[in-house]
Structure formats: structure tokens, C-alpha cells
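Residue-level structural notes
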Amino acid sequence: MKWIKNLKSIIDKNIPGNCPVCNSINTDYSMSVIEYKTYMGYGVMIVKMRFIYLG
């Protein structure tokens, strides 16, 4: 249940907040409501990574 604060933040403020695992601020989310009467659906929360290639 590490992500419960993030879900509440999405509902209240429309922002996911920091990652509870690594505390990164580069988080994003996508949610799809399937049943509007009960607000049941699915969502994905990700931590955006930056890759630096030094060749």
C-alpha cells in the first residue's frame, strides 16, 4: 500500500506526488475509469527516468 498517498493526491490535487520508493519528483500517471457509477477502473503510476549516454 505504498502508493495510497499518491492515489489520494491524484484525486484531491490532480498530481501524483513523489515516488514512495525512491522519493523522485519525476512521477506521472494515467487513469481510466471503466464504471463511472462506482468510479472503478485502473491506473498506472510511473517514475520518469532520465538516461544520459556518455559515448
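Residues numbered from 1 in each chain as written. Predicted model: local features only at pLDDT ≥ 70, side-chain atom pairs only at ≥ 80, totals over all residues. Heavy atoms only, no water.

This part covers the environment of Y29. Its place among the elements puts Y29 in strand β1 (residues 27-35). Remark: the alpha-carbon pair of Y29 and V47, spanning 18 residues in sequence, is separated by 8.8 Å. What Y29 contacts, discounting residues up to four positions off in sequence, is I10, N14, P16, V44 and M45. (Helix = DSSP H or I, 4+ residues; strand = E, 2+ residues; numbered from the N terminus. Contact = heavy atoms within 4.5 Å.)

Let's shift gears to a nonpolar patch on the surface. A contiguous nonpolar patch, built from I4, L7 and M31 and spanning about 260 Å² of accessible area, is present on the exposed surface. Along the chain, L7 turns up in helix α1 (residues 4-13). (Patch = residues over 30% accessible without salt bridge, like charges linked within 9 Å, V, L, I, M, F, W, Y side chains within 5 Å. Areas by Shrake-Rupley, 256 points an atom, 1.4 Å probe, with all protein chains shown as cover. Salt bridge = Lys/Arg side-chain N within 4 Å of Asp/Glu carboxyl O.)

With that settled, consider the confidence of the model for the protein chain. For the protein chain, the average pLDDT comes to 76, and 82% of its residues sit at 70 or higher. Taking the mean pLDDT of every element in the protein chain, the minimum, 73, falls on strand β2 (residues 40-47) and the maximum, 83, on α1. (pLDDT = per-residue confidence, 0-100.)

This part covers the side chain of N6. Structurally, N6 is set in helix α1. Its relative accessible area of 5% is what places N6 among the buried residues. Excluding residues within four positions of it along the chain, N6 makes contact with I15, P16, G17, N18, P20 and M45. (Buried < 20%, exposed > 50% of the residue type's maximum accessible area, 1.4 Å probe, protein only.)

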